[in-house]
Amino acid sequence: MSKKISSALISVFDKDGLEPIVRRMHELGIVMYSTGGTQDFIEKLNLPVIAVEELTGYPSILGGRVKTLHPKIFGGILHRRDDSGDQTQVAEYDIPNIDCVVVDLYPFEKTVASGASYEDIIEKIDIGGISLIRGAAKNYDDVIIVASKAQYAFLLDVLNNQQGSSTPEQRRLLAREAFQVSSHYDTKIYQYFLGDETGVLKITEPQMQVLRYGENPHQNGIFYGNMEALFDKLNGKEISYNNLLDVDAAVNLIDEFKNESATFAILKHNNACGIATRQTMLEAYNAALACDPVSAFGGVLIANGKIDLSTAEKINDLFCEVVIAPEYDASAIDLLKSKVNRIILQRKNTTLPATQVRTLLNGYLFQDKDLATERVQDFKLATTQVATEAQLSDLEFANKIVKHTKSNTVVLAKNKQLCASGTGQTSRVDALRQAIEKAQCFQFDLKDAVMASDAFFPFPDCVEIANTAGITAVVQPGGSIKDQLSIDYCNAHHVAMYMTGTRHFRH
């Protein structure tokens, strides 16, 4: 049944948006109880408010750690209005009705993120607030709980349009949201105490976006996270599940080239079908597109620097789903917006998580992200033949790409341009043959090109096939018991081979 608010306990850390609520409560004759800064806020509005200390007969003690933890407060919230025993005790101990609780929590998460001291962080672990939220949410049959500013508009609508009366469905909805708030808060505290140690997996993300569908139209899809923290969306239709997978792959790939000259990548189904580094972004885009102009259709495009008008003019000739860059010329944005469905994202300067989680069977897999990136100085020469400076640069370029390509994979590159890759094959030989065939299809000259592999060569067949196609420099992790067979072939055929000691499987 509908319940009308007759009294409210209000105790919030952040006062933004509170004024219209307390003014409307006063207009409706709702008795307000409060404490500390919230009480001062209400009094400065010249509105009547009863101090919690006056109700309980106890002052705020222990430096503010104990203010609302009292039977008169929690009895006022938790007593069942239709229970005769509860009503007898309420009368006996002079406990008031508290029909509405408006409370938020100390900003623990923000305090940790700010780099505050241990002492400050501990003091931001809310005790009274979390108890008020749980108590009011438990007794939602009789009490309306507002546990964060996100529900202020909902409460104000109840006050304005329902004269302070709430339905059971509304109270249950707010109770559900309140338990989400408390659960998220406790999870963040647990994660703080856990630190870098291994413990119970707890994932909490209050922000969500319902997608048009999942990987396929018959599947439902939801993104949990805050896209607005990573991007400004400047144009386009709603982003899809598959768009997000490609955007994630694109961002992780291009970040390998964050401090390089102009680099442009084109991705399809989470793999790069084109990527190149050049002196200008236009040159980088043209070279990336030349890698595989067929697969580029409907792809996700990403740049490591500003997209200017000349680059945008070329992009505009291609049908693509998403364009991503940290910066655009205003004229470039105007042109790219001419395709109303094209999603244009401008990256913000943020740091991505260093861990990964995925569902599997009836559980989850958790791992550190593959953040290892081998530079030329990390390569260990395994052969008598030495690569040229240009080839070493290409080997580093190819090794960055292979790390972000589905296994088994082999990447062929030349002059800091992807020639082709073999992706997601069940054997490394198949991946290599696929890459060579594709490179030749788009008329790449593989003479003195380089090859990178995500894992070791168990037999010398890969280096033999690659060398026959014109490749004369190779980088691979090494570690096979038969490494020497590949080394011997390379020495006999003047192929330079380097080993990194780091495998880069990606499944």
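Bear in mind that the values here come from a model prediction, so they are computed numbers and not experimental data.

Scoring rules and cut-offs
- Residues numbered from 1 in each chain as written.
- Predicted model: local features only at pLDDT ≥ 70, side-chain atom pairs only at ≥ 80, totals over all residues.
- Heavy atoms only, no water.
- Helix = DSSP H or I, 4+ residues; strand = E, 2+ residues; numbered from the N terminus.
- Rg over C-alpha atoms; globule rule 2.2 N^0.38 Å.
- Buried < 20%, exposed > 50% of the residue type's maximum accessible area, 1.4 Å probe, protein only.
- Contact = heavy atoms within 4.5 Å.
- Areas by Shrake-Rupley, 256 points an atom, 1.4 Å probe, with all protein chains shown as cover.
- Pairing = 2+ DSSP bridges.
- Core = buried A, V, L, I, M, F, W, Y, C linked by side-chain atoms within 4.5 Å.
- Phe/Tyr/Trp six-rings, centres within 6.5 Å; stacked < 30°, edge-to-face > 60°.
- Lys NZ or Arg CZ within 6 Å of the ring centre and 35° of its normal.
- Axes fitted to C-alpha atoms, helices over the stretch in contact; angles between N-to-C directions.
- Lys, Arg positive; Asp, Glu negative; His and termini not counted.
- Salt bridge = Lys/Arg side-chain N within 4 Å of Asp/Glu carboxyl O.
- Polar contact = N/O pair within 3.5 Å; in protein donor to acceptor, adjacent residues only side chain to side chain.

Colleague: I tried to follow the overall build of the chain on my own but got confused; where do I start?
Modeller: When helices and strands are tallied, the chain shows 18 helices and 23 strands. Relative to the globule expectation of 23 Å for 507 residues, the C-alpha radius of gyration of the chain, 31 Å, shows a markedly less compact shape. Taking the principal axes of its C-alpha atoms as reference, the chain extends roughly 100 × 50 × 40 Å. Within the chain, the proportion of its 507 residues that are buried is 47%. A separation of at least 24 residues holds for 56% of the contacts in the chain among residues at least 6 apart in sequence. Just so you have it, the chain exposes about 25000 Å², and 51% of that area is on carbon and sulfur atoms.

Colleague: Explanation requested: the sheet that holds strand S5 (residues 100-103) in the structure shown.
Modeller: Through backbone hydrogen bonds, the strands of a sheet pair up, either in parallel or in antiparallel fashion. Overall, parallel pairing links the five strands, which are arranged S4-S3-S2-S5-S6 in an open sheet. Sheet topology places strand S4 (50-51) and strand S6 (144-146) at the edges, where each strand pairs with a single neighbour. In terms of strand pairing, strand S3 (residues 31-34) meets S4 through two bridges, oriented parallel. In the sheet register, Tyr33 faces S4, and the bridge partner there is Ile50.

Colleague: I'm lost on the nonpolar core in this one. Help?
Modeller: Side chains that are nonpolar tend, in soluble globular proteins, to be buried together. Formed by 48 residues in total, the largest nonpolar core has its most connected members in Ile10, Met25, Ile77, Val101, Val102, Ile145 and Leu155. By residue number, the principal contributor to this core is helix H10 (residues 168-194), which donates six residues. Once residues lying within four places of it in the same chain are set aside, the contact partners of Met25 are Ala8, Ile10, Ile30, Met32, Cys100, Val102, Leu155 and Leu159. Judged by nonpolar contacts, the second largest core, of 40 residues, contains Met227, Ala265, Val300 and Ile302.

Colleague: How should the packing of aromatic side chains be read in this particular structure?
Modeller: In this description, a pair of aromatic rings is defined by centroid distance and the angle of the planes. Per the counting criterion, the structure on display carries eight aromatic pairs. Ring geometry for Tyr192 against Phe193: centres 5.4 Å apart, planes inclined by 80°, an arrangement best described as edge-to-face. Ring centres of Phe379 and Tyr498 lie 6.2 Å apart, and the angle between their planes is 50°; on these two criteria the pair is classed as tilted. Residue Phe379 is found in the loop between strand S17 (363-368) and strand S18 (380-381), and its partner Tyr498 is found in strand S23 (residues 496-499); the two are separated by 119 residues along the sequence. The pair formed by Phe379 and Tyr498 is uniform in burial state, with each residue classed as buried. Each residue in the set Phe108, Tyr185, Tyr192 and Phe193 is aromatic and connected to the rest through ring pairs, giving one cluster. Over the ring of Tyr190 we find Lys202, and its NZ or CZ is 5.7 Å from the ring centre. Sitting over the ring of Phe257, Lys400 keeps its end group 4.8 Å from the ring centre.

Colleague: In this structure, what is going on with the sheet that holds strand S11 (residues 263-268)? I would like to understand it.
Modeller: Across the sheet, six strands lie side by side as S10-S15-S14-S13-S11-S12; this open sheet has mixed pairing. The sheet is open, and its two borders are formed by strand S10 (231-235) and strand S12 (271-277), each paired with just one other strand. For this sheet the average axis-to-axis angle between neighbouring strands, irrespective of direction, equals 20°. Here S11 pairs with strand S13 (residues 299-303) via four bridges, running antiparallel. In the sheet register, Leu267 faces S13, and the bridge partner there is Val300.

Colleague: Help me out: how do you make sense of the side chain of Asp483 in this one?
Modeller: If you trace the backbone, Asp483 turns up in helix H18 (residues 483-492). The side chain of Asp483 is buried and forms no salt bridge, while Arg428, the nearest opposite charge, is found at 10 Å. In this structure the side chain of Asp483 is engaged in a polar contact, spanning 2.7 Å, whose partner is the backbone nitrogen of Gly479. If sequence neighbours within four positions are ignored, Asp483 has contacts with Phe456, Phe457, Gln476, Gly478 and Met499.

Colleague: I tried to follow the pattern of salt bridges on my own but got confused; where do I start?
Modeller: Pairing between side chains becomes possible if they bear opposite charge and their charged atoms approach one another. Taken as a whole and judged by the stated rule, the model has 23 salt bridges. Its salt-bridge partner being Asp14, residue Lys149 comes within 3.0 Å of it at the nearest N-O pair. Of the two residues, Lys149 sits in the loop between S6 and helix H9 (152-161) while Asp14 sits in the loop between strand S2 (7-11) and helix H1 (19-27), which places them 135 residues apart along the sequence. Residue classification places Lys149 among the partly exposed positions, given a relative accessible area of 37%. Note on Asp14: relative accessible area 27%, which makes it partly exposed. When the shortest N-O distance is used, the salt bridge between Lys306 and Glu327 registers 3.7 Å. On the criterion of sequence distance, the pair formed by Lys306 in the loop between S13 and helix H13 (309-315) and Glu327 in the loop between strand S14 (320-325) and helix H14 (330-336) is long-range, its members being 21 residues apart. For Lys306, a relative accessible area of 37% corresponds to the partly exposed category.

Colleague: How should I be thinking about the environment of Ala284 in this particular structure?
Modeller: Inspection of the secondary structure puts Ala284 in helix H12 (residues 281-291). Along the primary structure Ala284 and Phe264 are separated by 20 residues, whereas in three dimensions their C-alpha atoms are 5.4 Å apart. If we skip the residues at most four places from it in the chain, Ala284 touches Ala262, Thr263, Phe264, Ala276 and Arg278.

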